[in-house]
Amino acid sequence: MLNLKCSLSYIAANRRVFHDVFSWTSGISGFVKNNQHGQAIGLFKSMLLHDQRPNYVTLLSVIRAVGAVDGKDMSGVVHAFVLKLGVGSEVSIATALLELYSVHKDMAMVWQVFDCAQVKDLILWSALVKACSKNGKFVDAVNVFREMQVFGLEPNFVSILSVLPACADFGILSLGKQIHGFCTVRGFCRLTNIQNPLMDMYAKCGVLRSAFLVFDRLQDKDLISWKTMICGCTENGYPKEALNILRNMLKSGCLPDEITIRNVLMACSQAEEAKFGNGLHCYLIKFGLEDSASVGTALLRMYADFGDIVSSRILFDCLRWKDVIAWSAMISVYANTGHSSLSFEMFWQMQLAKEKPNEITLVSLLKACSSMKTPEFGKVIHGNVMRNGYSSNVFVTSALIDLYCKLGQLTQGKALFDSLPYKDIICWSSMINGFGINGFGDKALETFSKMLDTGKKPNGVVFISVLSACSHCGLEDEGWKWFSSMQEHFGIIPALSHYSCMVDLLSRTGKIEEAFRFIKEMPLAPDASIWGSLLAGCRTVRGYVEVAEFAAEQLLMLDPENSSYYVILSNIYADVGQWKDVERLRRVLEEKKLRKPVGFSMIGS
């Protein structure tokens, strides 16, 4: 309405100017050229009020103005005039309308406009590729790109820029390579804004070496170039390379933006480079960048990854403006580090600040409830889930299933699982794990089979739930069967967590020697969880003192300050009457000034 009033005032001041369609069109086009899109739309409305009929050029300008201000309500009006004037088949009008509907994410109308165009030139095809890619329809973008070439049209700069993100997000490396070859032949590879998406494509397809080759040959590196490579290294598990790229970036005089900083802070955590992280924090303070909510949140997460919860809280308290992401991050930090009561305290403060929780907040709180095993808090959070409309959110529901199963309320967990209209891989994993921890191994495997019947492909997390269920319920044959099938049938290379489940399974079933042999033959270096499972098995099954001593020795090398290993080994000695060794370990504890952990007792003390 304001734009219309301004336009009427403008008309009143220039009454003699607006006497025919050409003068009106000239005024509208002038506003569009000067990026005064609201005034252009207002002038168009005034033109209609003065019974002036727009022409082809008028509509072209108005379409561009409507697209620039995201005026969805005006799209139908303009399109109606296009049809009324019979210019909908004009390729420039069709292209402008297609781009307009793409801005409004109305892909049905995008396709309708394209199909109705009698002449489809390279610009229209490229606009369609761009519309599909921009709206996340990556398969359609690739198909349109290929179909365009079948019609004999050679891709241009716009279509290449539009299809590369589709190749990246869907991992279509073969097409990406073909486009790279085409760009090289046509000389497009000299352009930085072509090389940047090429790097992104290679990085997202997991071919980081090729991304580096493009990056190293790039002469004019801009902020997007540096940012793309830092992000690619972080996402592909090369955090130290990401930190080196940042060093070179700063040397070149290019300053990082907030997205780059967040990725580098994540790389510091992945690489466990606390000193680098501290140095980067100083850099951010120097340039006043730590005041940003997103950067401050990334900083507090980094310090939490380093185990410095106090610094995380200080950073959180220093944030001038705390959004839902910052609150959720601090709640998550407390929940993930075993400070469940503090996560709830933070949640109450969040509510006092009138900040509405999101799904990440609720999942973190449900995890805290699981750790505390407090049904009361769980019900409160469940009520919050329902009030905030997250009942159908699969991530939140999976956390609820996990909570109820850990509280022993398997019926409630199963009811939630059954109520989901769509079950993703996380929901299936939660239900399988829920049956397993409650001693229903057969039900866990039955649920896993049902998941496979739906066509869902299991991932590493699902197999942890399956193998853990076999371990809890002593299903050795089934455990071996599914462990062997991981790589053979599903192409999943077992990680340490999967080996740990198998060691736990063998140890629980009393097969200590077999478990010890299995560890020695592992292709990966055993961690504390694996040696811990073996030591716990030696505590249950008598007669394996030497194996227990070896396991304890490995554990103390990994975690020398953990006194629980001394206590377990001491109790194993006591079980077989080796009292001198019991006394020796007690003296070691006293000399090292280590306290017995809560819940542990040494036999004979």
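Scope of this entry: the structure provided in the associated data block. (Residues numbered from 1 in each chain as written. Predicted model: local features only at pLDDT ≥ 70, side-chain atom pairs only at ≥ 80, totals over all residues. Heavy atoms only, no water.)

One number sums up the size of the largest pocket: a volume of about 450 Å³. Lining the largest pocket we find 23 residues, and of these Ser398, Asp402, Lys406, Ser430 and Asn433 sit closest to its centre. For the lining of the largest pocket, the secondary structure elements donating two or more residues are α22 (359–372), α24 (394–406), α26 (425–437) and α28 (460–472). Partitioning the lining of the largest pocket into residue classes produces ten nonpolar, nine polar and four charged. Space inside the second largest pocket adds up to approximately 300 Å³. Forming the walls of the second largest pocket are 15 residues, and the residues nearest its centre are Arg262, Met266, Thr297, Ala298 and Arg301. Take the lining of the second largest pocket: its biggest share by element is seven residues, from helix α18 (residues 293–305). Looking at the lining of the second largest pocket residue by residue, the classes come out as seven nonpolar, four polar and four charged. (1 Å grid on protein atoms, 1.4 Å probe; cavity = no way out; pocket = protein on both sides within 12 Å on 5 of 7 lines; lining within 4 Å. Points joined across faces, edges and corners; volume = space filled by probe spheres on them. Helix = DSSP H or I, 4+ residues; strand = E, 2+ residues; numbered from the N terminus. Nonpolar A, V, L, I, M, F, W, Y, C, P; charged D, E, K, R; others polar.)

All right, on to α26 then. With 13 residues, α26 extends 18 Å between its outermost C-alpha atoms, agreeing within 8% with the 18 Å of an ideal straight helix rising 1.5 Å per residue. Burial runs high along α26: eleven of the 13 residues are buried. Those residues of α26 hidden inside the fold are in contact with α24, α25 (410–419), α27 (441–453) and α28. At the exit of α26 stands Gly439, carrying a positive phi of roughly 85 degrees. (Expected span 1.5 Å × (residues − 1). Buried < 20%, exposed > 50% of the residue type's maximum accessible area, 1.4 Å probe, protein only. Contact = heavy atoms within 4.5 Å.)

Before going further, it helps to spend a moment on helix α16 (residues 258–271). Given a rise of 1.5 Å per residue, 14 residues ought to cover 20 Å, and the 20 Å separating the end C-alpha atoms of α16 matches this to within 8%. Listing the buried residues of α16 in full gives Thr260, Ile261, Asn263, Val264, Leu265, Ala267, Cys268, Ser269 and Ala271. Those residues of α16 that are buried lie in contact with α14 (223–235), α15 (239–251), α17 (274–286) and α18. Immediately beyond the C-terminal end of α16, within one or two residues, lies Glu272, with a positive phi of roughly 55 degrees.

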